[in-house]
Amino acid sequence: MLKFIRGKGQQPTAERQRLQKELFAYRKTAQHGFPHKPSALAYDPVSKLMAIGTQTGAVKVFGQPGVELYAQHTLVNNSASELNVQLLEWVYGTGRILSLTAANQLILWEPVGTTLVPIKTLPFDGKLKKVSSLCCSLNNYLVWIGTEGGNIYQFDLKSFTIREPVIYHDMVLEKVPPSYKLNPGAIESIRQLPNALNKLLIAYNRGLCVLWDLDQSAVERAYIAPGHGQSVGLFVNSTGTEFNWYHADGSYASWIIASEEPPENVNYVPYGPDPCKSINRLYKGKRGCNDVIVFSGGMPRSAYGDHNCVSIHGSDGKRICLDFTSKVIDFFVTYKEESDDLQVLVVLLEEELCAYDLTDAKVPAVKAPYLQSVHASAVTCNYLASQVSQAVYKRILLAGDEQNIDYSSIDWPVTGGVLPVGLVESCDGTMQEYEILLTGHEDGSVKFWDCSGVLLKPIYNFKTANIFGHENHDDTAIESNEQIDEGEPPFRKSGLFDPYSDDPRLAVKKIALCPKTGQLIVGGTAGQIVIADFNGDAPERGVLKLNSMNLVSDRDGFVWKGHDQLNVRPNLLAEESGPISESGVSITGVLQVLPPASITSLALEANWGLVSGGTAHGLVLFDFKNFVPVFHRCTLNPSDLTGAGDQLSRRKSFKKSLRESFRKLRKGRSTRNNPNSHVPTTLEARPVERQIEARCTDDGMGSMVRCLLFAKTYITNVNITSPTLWSATNASTVSVFLLHLPPAQTAATSEPPASGNATPQAPRRISAQLAKEIQLKHRAPVIGISIFDQSGSPVDQLNSGENGTPPHRVLIASEEQFKVFSLPQLRPINKYKLTANEGARIRRIHFGSFSCRVSHELLQSINGTSPTKSARSHDGGEGVANTSLPLPARDSEVYHEMALICLTNMGDIMVLSVPELKRQLNAAAVRREDINGISSLCFTNSGEALYMMSSSELQRIALSTFQVIQPTGFVSVEPFETDDNESTIQAIEDDNSDKNVNSNDDSAENGASTTRTEPPIAKQRAKALELSIENNSIPLTNGLNTSNSPNRANETITSSIGDITVDSVRDHLNTTTTTLCSTTTEETVG
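Conventions used here
- Residues numbered from 1 in each chain as written.
- Predicted model: local features only at pLDDT ≥ 70, side-chain atom pairs only at ≥ 80, totals over all residues.
- Heavy atoms only, no water.
- Helix = DSSP H or I, 4+ residues; strand = E, 2+ residues; numbered from the N terminus.
- Contact = heavy atoms within 4.5 Å.
- Areas by Shrake-Rupley, 256 points an atom, 1.4 Å probe, with all protein chains shown as cover.
- pLDDT = per-residue confidence, 0-100.
- Core = buried A, V, L, I, M, F, W, Y, C linked by side-chain atoms within 4.5 Å.
- Buried < 20%, exposed > 50% of the residue type's maximum accessible area, 1.4 Å probe, protein only.
- Pairing = 2+ DSSP bridges.
- Axes fitted to C-alpha atoms, helices over the stretch in contact; angles between N-to-C directions.
- Phe/Tyr/Trp six-rings, centres within 6.5 Å; stacked < 30°, edge-to-face > 60°.
- Lys NZ or Arg CZ within 6 Å of the ring centre and 35° of its normal.
- Polar contact = N/O pair within 3.5 Å; in protein donor to acceptor, adjacent residues only side chain to side chain.
- Expected span 1.5 Å × (residues − 1).
- Arc of directions from axis to C-beta.
- Salt bridge = Lys/Arg side-chain N within 4 Å of Asp/Glu carboxyl O.

The protein has the name Lethal(2) giant larvae protein in an unreviewed UniProt entry, where Drosophila hydei is given as its organism.

Structure below.
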């Protein structure tokens, strides 16, 4: 009892707290994938930047690969619908952008570092002032705002005010021919003539377009569409001599600006004569000597009104209609410099971004470097392979190159922004290890994504559906350059988004990839386990092999009432068929687990040639090198089927509850009557545990295998390590199996030269036997098992042939608690009750590597106070994953520590020390309502994590200060000063002392000399506006503090903060002004 009280009362030393701040820091770093619910698109042809707005108020700006800026609108009237971004308009060439929300607010955004910040907000009131269109002047000073009432306001960006004169529709109607007697309606489009900047083309809703002279404030010319068709928009060519006017009836025409006479084909409907839907956007250009019209919509209303199309019509008669599977939000076309020659078509769809090469008459697809559609088929599981070797990575790239031969080789046109010089140089070098995210999908495919950097790059798509089905099954690619329909309209299936699956049994549930050998295992919904590898040096393989293992064959009375198993195509199993290869990946065979229930857990040990799979009925162990079963174990018992059996109940009896209640009352009275009593100290030291409801163990789910682990550890004695397999179920039953491997497979560094056609000999058969079994009394589902050595390093993350430093310990994590046992005795060492103390449940665990630079004095004090704490690498060598130290700091060394990372069902992430299980960091990472995000979160070995923040987006977070990957590119912005800002800046300069100004200048110079990501932004603007941005992005380098000072004021260690407030930014700016040290070091990103 005294030991318990003493242990709870101990607090971390000052040195340990200082080290915690150096090691651990939570931050959101980068976002990958496709924005959720996009609503607006804008492209700046001058700065070559692209912006996307969403219905949730997010604005994302993209330039060249590596340049990404994020922003988020805030609520106005506590209505989420008002966040919808309806329009985006670039202030050409400046990097600034205007956004219009559903709340009818106009907001000017400016890039500051890697963040977009709101500079000014202009609200519009009244129904007649509902903004319908925007047009920014080519000289960057004015924005013309068209409203639903038909008026145009001139908006001055310098003063952020409305200027006179206002172009009222009454003034326009006075100059219009008398034949037009209608109210012109809302302003649909405003365009400035590129050859005459003092003239505007204004299109009204009801078939009226006028050429307005800004100098004379008068109508110079009026254009009236016959029949007064409802207008949609305008497109003006680069020379300003003609414009294209398109309408809601699916028609368009090319008008000469110098003439008011309608053209001959003024009512031309490309997909007529039947009534057609509206043309929503239109561009015109040239391909060689031929004119090309690109437009969205315009489909025949009755026959193809439900199609989402973008059409490319050439004057040479070549017509293509790109038919997408999701709604077309908007698109833009890029041109060659100062010409009408088309280059690339970029289409923003509701579920993906597609690009096409318009220089080729076949219009091939262009592979975008970002905004990949992660959810082309619904994501059913995530797996992150950390520290993949360079050899395996190259083989995956080689396999993926075969799938990209149909894409165009034209350069990506969005090339704006600036990348730091140091980052560009580092990209030229070769990385030794990579992070690869594998996503399993509903259609049976597994997609490989390189997430080692800021960009989420698709590198390979592995399809398992081709193995199953009937003999004549053919899998046709969605993205094809061949037209499917030769009729009218000439449809061509386009895009990768395909939300429909032919067979739900194909869905991928579990994935395992060996980062050193390239062995790939895929488990599916119908109990199928597909075995493949990227080993290009493997000997020639034979035909596809099929094997099955029945878990309940010896159970009388068991009836499987679920779906049937998938059938492998018979022609693939024939002797005359060759080896199965899927674009560079050799598919060895298929293991079918019976009954065909979903695979719930998967474990792979490529050096031993073993794979283990678990279902709701038990587990199997399979030798995939010799392709023979090793053993199976059924976890079903009579109590699982009948609900009977002697089960340990976790519900306290009524008598025991009353007894404890009266005992607490007596203790409370004695405490109040005796103030000198020391009982409160004891009670306060003991944590208050919550009552946990008993688990129902008769629901038949206790037999489900939740986790599997291969490990070479001490299980028979303390001197010799043995290959083992660990399994755990929903009923807290942990089983340890001792594996007997042949000599050739026992050595982890050598692989058995077994041929796929050779019959395995009896002496070389692998066998397994049950060695030990643990039954946890609380019977909570076991989430994970990990075995680590004395330094805290998991043995499954060690290199081949390494066993770690003895003694080994095993961590068993259930939904409610962590428990550490010694090996081989399995004696309890430590326990951490999460549910009883905090009410949360554990969802995922992982061991991560954390590093930092510390001074010699701090390192010596730490070594002196905690001699049992190891896992320190002072030379920056082994143990520091994916990190490099290009700039050694004076009087400092690299400190390395392994820690346990845990995700709870409340969305919190905790970092615990091992084996003490003391909390080092607690952060609210995922919203507790976001069940999909919590279930999809994956950790890396270097203290990072990825999770699905929506059905199509991935959020990247960092828990370590050493390994942080986030956008480092920025957009250069010229000073955009106004009179108000100048006076504000002058007032701030007068208030600040010379000392503070000098310290700020010195710190800025130091940051510029020791980091490679400091953007050239105006510091005065950042100070004057007190911007609400990330609290580490102004004085830091993209979130990384370049100072090695122990007094980092911006880092919070044991906090649960999720959002950054203006007050926290102000406090941070005030504290860092005086706490930054002169000696700085560089932290490596990527």
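J.: Tell me about the overall build of the protein, and name the residues and values.
T.: From N to C terminus, the protein includes 18 helices and 58 strands. Here the contacts in the protein between residues at least 6 apart in sequence split such that 63% fall between residues at least 24 apart. Within the structure as shown, the protein displays about 47,200 Å² of accessible surface, and the carbon and sulfur contribution to it stands at 48%.

J.: Could you give an account of the confidence of the model for the protein, naming the residues involved and the relevant values?
T.: Looking at the protein, the pLDDT average stands at 79 and 74% of residues meet or exceed 70. Predicted confidence in the protein is weakest over helix H17 (residues 1019-1025), with a mean pLDDT of 36, and strongest over strand E3 (residues 49-54), with 96. Residue range residues 471-480 is modelled with pLDDT below 50. Its contacts to residues more than four positions away, or to other chains, number 21 contacts.

J.: Give me the nonpolar core: which residues, what numbers.
T.: In this structure, Met50, Val294, Phe324, Leu345, Leu353 and Trp412 are the most contacted members of the largest nonpolar core, which totals 54 residues. The element best represented in this core is strand E26 (residues 342-349), accounting for 7 residues. In terms of nonpolar packing, the next biggest core, distinct from the first, is built from 35 residues, Leu438, Leu506, Ala532 and Leu544 among them.

J.: Explain the sheet that holds strand E55 (residues 919-924) to me, and be specific about the residues and the numbers.
T.: Taking strand neighbours across the sheet as the criterion, the 4 strands line up as E52-E53-E54-E55 in an open arrangement whose pairing is antiparallel. Only two strands of the sheet have a single partner each, and these edge strands are strand E52 (842-855) and E55. Ignoring strand direction, the axes of neighbouring strands in this sheet form an average angle of 25 degrees. Along the sheet, helix H2 (residues 14-23) makes contact with E52, strand E53 (892-904) and E55, crossing E52 at roughly 105 degrees.

J.: I'd like a description of unusual backbone geometry, backed by residues and values.
T.: Residue Pro165 is reached from Glu164 by a cis peptide bond, and omega for that bond is 0 degrees. Position of Pro165 relative to the elements: it lies in strand E13 (residues 161-167). Non-glycine residue Ser217 carries a positive phi angle of around 50 degrees. Even without glycine at this site, Arg779 takes up a positive phi of about 55 degrees. On the secondary structure map, Arg779 appears in the loop between strand E47 (767-775) and strand E48 (782-788).

J.: Would you mind going over the packing of aromatic side chains in detail, with residue names and values included?
T.: Here the distance between the centres and the angle between the planes together describe a pair of aromatic rings. According to the stated counting rule, one finds 27 aromatic pairs in the structure shown. Ring centres of Tyr43 and Phe332 lie 4.5 Å apart, and the angle between their planes is 0 degrees; this geometry places the pair in the stacked category. Within this pair, whereas Tyr43 is found in strand E2 (residues 38-44), its partner Phe332 is found in strand E25 (residues 328-335), the two being separated by 289 residues in sequence. In terms of burial, Tyr43 and Phe332 fall into one category: buried. Three or more aromatic residues link up through ring pairs in this structure, and these residues are Tyr223, Phe243, Trp245 and Trp255. The aromatic ring of Tyr407 is capped on one face by Lys367, whose charged end is 5.7 Å from the ring centroid.

J.: Residues and numbers for the pairing of strand E20 (residues 252-256), please.
T.: Sheet topology note: the strand E19 (residues 242-247)/E20 ladder contains 5 bridges and is antiparallel. Directly across from Tyr246, in E20, lies its bridge partner Tyr252. Between E19 and E20, which pair antiparallel one after the other, the connecting turn spans 4 residues, and Gly250 there sits at a positive phi close to 85 degrees.

J.: Residue-level account of the side chain of Asp503, with values.
T.: Its place among the elements puts Asp503 in the loop between strand E33 (491-493) and strand E34 (508-513). Given the relative accessible area of 17%, Asp503 is considered buried. Polar side-chain contacts of Asp503 include one of 2.8 Å to the side chain of Arg505. Dropping the residues within four chain positions of it, Asp503 is found in contact with Glu442 and Leu566.

J.: Lay out the environment of Thr415 with the relevant residues and their values.
T.: Residue position: Thr415 is located in the loop between helix H5 (390-401) and helix H6 (421-428). Here Thr415 falls in the partly exposed class, since its relative accessible area comes to 41%. Distance in space between the C-alpha atoms of Thr415 and Gly63 is 5.1 Å, their sequence separation being 352 residues. Excluding residues within four positions of it along the chain, Thr415 makes contact with Lys48, Gly63 and Gln64.

J.: Lay out H5 in plain terms, naming residues and giving numbers.
T.: Over its 12 residues, H5 extends 16 Å from the first C-alpha to the last, a length consistent with the 16 Å expected when each residue adds 1.5 Å. Listed in full, the buried residues belonging to H5 are Gln390, Val392, Tyr393, Ile396, Ala399 and Gly400. For H5, the elements touching its buried residues are strand E29 (379-389), strand E30 (433-441), strand E31 (445-450), strand E32 (457-463) and strand E39 (585-594).

J.: So, the environment of Tyr223: which residues are in play, and what are the values?
T.: Within the secondary structure, Tyr223 is located in strand E17 (residues 218-224). Polar contacts involving the side chain of Tyr223 include one to the main-chain carbonyl oxygen of Ile257, which spans 2.5 Å.

J.: Summarise the side chain of Thr94; cite the residues concerned and give the values.
T.: Following the sequence through the fold, Thr94 ends up in the loop between strand E6 (85-91) and strand E7 (96-101). Polar contacts involving the side chain of Thr94 include one to the main-chain amide nitrogen of Arg96, which spans 3.2 Å.

J.: Which residues make up H2, and what values go with them?
T.: Where H2 is concerned, the buried positions are Arg16, Leu19, Gln20, Glu22 and Leu23. Buried positions in H2, seen along its axis, are confined to an arc of 160 degrees and lie on one side of it.

J.: Mind laying out the pattern of salt bridges, listing which residues take part and the relevant values?
T.: Opposite charge on two side chains permits pairing when their charged atoms draw close. In this structure the tally under the stated criterion is 20 salt bridges. Across the salt bridge formed by Lys457 and Asp450, the nearest N and O atoms sit 3.7 Å from each other. Residue Glu815 is joined to Arg843 by a salt bridge in which the shortest nitrogen-to-oxygen separation is 3.4 Å. Placement of the pair is Glu815 in the loop between strand E49 (809-814) and strand E50 (817-822) and Arg843 in strand E52, with a sequence separation of 28 residues. Salt bridges linked by common partners bring Glu815, Glu816, Arg841 and Arg843 together as one network.

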